[in-house]
Amino acid sequence: MTEKDFEDFKQHARVDDLVDNTDYLRTLYMAAEETVIGLTGRTESELVALYGEMPGSLKVAVRQLATTWYEHPDAYENASGAAVPYGISFIVSRYRKLT
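If you're wondering where the values come from, they're calculated on a predicted model, not measured in any experiment.

**Digging into the pattern of salt bridges**
Close approach of charged atoms lets side chains of opposite charge pair.
Turning to step 1, where the next piece is worked out: Counted according to the given criterion, the structure contains five salt bridges.
Turning to step 2, where the next piece is worked out: One salt bridge connects K10 with E7, and the closest N-O pair in it is separated by 3.5 Å. Residue K10 and its partner E7 are both found in helix α1 (residues 3-12); the two are separated by three residues, about one turn of the helix.
Turning to step 3, where the next piece is worked out: Of the residues examined, K10 reaches a relative accessible area of 11% and is grouped as buried.
Turning to step 4, where the next piece is worked out: The class of E7 is partly exposed, set by a relative accessible area of 32%.
Turning to step 5, where the next piece is worked out: Close ionic contact of K97 with E46 constitutes a salt bridge, the shortest N to O distance being 3.3 Å. Taken together, the positions of K97 in the segment after α5 (86-93) and E46 in helix α3 (residues 44-51) put the pair 51 residues apart, joining distant regions of the chain.
Turning to step 6, where the next piece is worked out: Looking at E46, the relative accessible area reads 27%, which means it is partly exposed.

Next up, the structure:
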């Protein structure tokens, strides 16, 4: 996670003025990043090697997931029963390692 990625997330989640929550927000962002990367079946190093950097659409998926967790801290699945929202799964599917 770069500092710019984290600042983009705070802006996306509209929590830029909540300085007191910085550690919590970083934890959410890092957990979302680990989750999204894990869903690809690849490591971050593999993704960077393949695409030159972390693909922008995966960064969007991380921001969306971290924001979802921030806005709904007690929810472990959405209304459809999925632990990860469909839109995020759809974005990640393009980068999933086929075995």
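**Side note on α5**
Turning to step 1, where the next piece is worked out: Inspection of α5 places I88, I91 and V92 among the buried residues, and these make up the whole buried set. Axial view of α5: buried residues confined to an arc of 95°, hence all on one face. Among the exposed residues of α5, those oriented more than 90 degrees off its buried face are Y86 and F90.
Turning to step 2, where the next piece is worked out: Close packing links the buried residues of α5 with α2 (22-40) and α4 (56-71).

Conventions adopted
Residues numbered from 1 in each chain as written. Predicted model: local features only at pLDDT ≥ 70, side-chain atom pairs only at ≥ 80, totals over all residues. Heavy atoms only, no water. Salt bridge = Lys/Arg side-chain N within 4 Å of Asp/Glu carboxyl O. Helix = DSSP H or I, 4+ residues; strand = E, 2+ residues; numbered from the N terminus. Buried < 20%, exposed > 50% of the residue type's maximum accessible area, 1.4 Å probe, protein only. Arc of directions from axis to C-beta. Contact = heavy atoms within 4.5 Å.

Any link to function would need more than the numbers given here.
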